[in-house]
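Coordinate analysis (summary)
Chain residues, written in single-letter form:
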Amino acid sequence: MAAEEPVAPPRDCPACPRLAAFREENRAKWPDWRNAPVPSFGTAGARLLIVGLAPGLQGANRTGRPFTGDWAGDLLYATLLKFGFADGVYDERPDDGLTLVGARITNAVRCVPPQNKPEGAEIAACRPYLAGELAALADGAAVVALGRIAHDSLCRALGVRLKAAPFGHGAEHALERLRLFDSYHCSRYNTNTGVLTTEMFETVFARVRTYVDGAS
Ligand code: SF4
């Protein structure tokens, strides 16, 4: 039986005044863009949940699908296709027909923040939506945190002490219900500076594939 779709924030969610103001600014500048909380992509209750930081201004905030339309999506979707977590062709558009296979993608913060930098209060305000995504997962599901902010918010949502599960690229944490895998975020900045290479990113997803396939 499919899991129930977790609650998503309303289009005009007022919880983060700074982000709501930025949203209005962007609506005036680019009326054809989404400029609203970006919904998760993929079936609820999948065996794998990938958690990014927040929509990119010209990526998900423009197209309305997580990681779609900017560099971070190029690397993420190529990797998901390579490891069998996606099917079809990624063409940087929400109507490219790409589907996720046993996977779902969400963000720790659903609205685009200025300079890609959400504030602590904003991350906390959006956490209930992340908690809803986690609650929909079956026991033993894999969760990939893309970056420290996603990792920390996941831990807080799960009631896990950050010291008990420190973030580190390639780190793996066996939590009570879920298995958490960490990766540096696949942002253009991280890949341009060599903080994250394609090989490093693929190594994480190869490990996730093995775990999800039951060989843990
Ligand atoms: S970031 Fe989340 S909590 Fe804040 S306004 Fe957007 S949807 Fe609401």
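Residues numbered from 1 in each chain as written. Predicted model: local features only at pLDDT ≥ 70, side-chain atom pairs only at ≥ 80, totals over all residues.

**Here's the deal with the nonpolar core**
Within the largest apolar cluster, 59 residues are counted, with the highest numbers of intra-cluster contacts made by Leu48, Val51, Ala108, Val143, Val144 and Leu154. Sort the elements by how many residues they give to this core and helix 4 (residues 120-135) lands first, with six residues. With near-sequence residues (within four places) excluded, Val144 lies in contact with Leu48, Ile50, Val51, Phe181, Ser183, Val204 and Val208. (Core = buried A, V, L, I, M, F, W, Y, C linked by C-beta atoms within 7 Å. Buried ≥ 20, exposed ≤ 12 C-beta atoms within 10 Å, placed from the backbone. Helix = DSSP H or I, 4+ residues; strand = E, 2+ residues; numbered from the N terminus. Contact = placed C-beta atoms within 7 Å.)

**Details of the packing of helix 4 against helix 5 (residues 148-158)**
Where helix 4 contacts helix 5, the axes come no closer than 9 Å and their chain directions differ by 70°. When the interaxial angle is binned, helix 4 and helix 5 end up roughly perpendicular. For the pair helix 4 and helix 5, the crossing hand works out as right-handed. Two secondary-structure elements touch here, helix 4 through Ile123, Arg127, Leu130, Ala131 and Leu134 and helix 5 through Ile149, Ser153, Leu154, Arg156, Ala157 and Leu158. (Axes fitted to C-alpha atoms, helices over the stretch in contact; angles between N-to-C directions. Parallel < 35°, antiparallel > 145°, perpendicular 65-115°, else oblique. Left-handed = near helix turned anticlockwise from the far one by under 90°.)

**Looking at the UniProt feature "domain: Uracil-DNA glycosylase-like" (unreviewed entry) in the protein**
UniProt feature "domain: Uracil-DNA glycosylase-like" (unreviewed entry): in the numbering of this structure it lies at residues 39-205. End C-alpha atoms of residues 39-205 are separated by 23 Å, and the span's content is 34% helix alongside 17% strand. (UniProt positions renumbered as here; feature names shortened; annotations may be inferred.)

**Concerning unusual backbone geometry**
The backbone of Phe67 shows a phi angle near 60°, a positive value even though the residue is not glycine. Looking at the secondary structure, you find Phe67 in the loop between helix 2 (60-63) and helix 3 (71-82). Backbone geometry places Gln115, a non-glycine residue, at a positive phi of 55°. By the element assignment, Gln115 lies in the loop between strand 5 (103-107) and helix 4. By the C-beta count within 10 Å, which is 6 here, Gln115 ends up exposed.

**As for the site of the ligand**
For the ligand, the set of nearby residues contains 13 residues, the closest of which are Pro9, Cys13, Cys16, Cys111 and Cys126. Elements that contribute at least two residues to the shell around the ligand include exactly helix 1 (17-29) and helix 4. With three residues, helix 4 is the single largest residue contributor to the shell around the ligand. Partitioning the shell around the ligand into residue classes produces 11 nonpolar, no polar and two charged. (Near = placed C-beta within 6 Å. Nonpolar A, V, L, I, M, F, W, Y, C, P; charged D, E, K, R; others polar.)

**Focus on the environment of Lys163**
Counting through the fold element by element, Lys163 comes out in the loop between helix 5 and strand 7 (172-174). By C-beta crowding, Lys163 is classed as exposed, having 7 other C-beta atoms within 10 Å. With 159 residues separating them along the chain, Lys163 and Glu4 place their C-alpha atoms 32 Å apart.

**What about the pairing of strand 2 (residues 48-52)?**
Burial analysis of strand 2 places five of its five residues in the buried class, which makes it a mostly covered element. A two-sided burial pattern is seen for strand 2, the buried positions comprising Leu48, Ile50 and Gly52 on one face and Leu49 and Val51 on the other. In this sheet, strand 5 lies alongside strand 2 in parallel orientation, the contact comprising five bridges. Note on strand 5: the bridge partner recorded for Gly52 is Asn107. Looking at chain direction, strand 2 and strand 6 (residues 142-146) are connected through four bridges and run parallel. Bridge pairing in strand 6 links Val51 to Ala145. (Pairing = 2+ DSSP bridges.)

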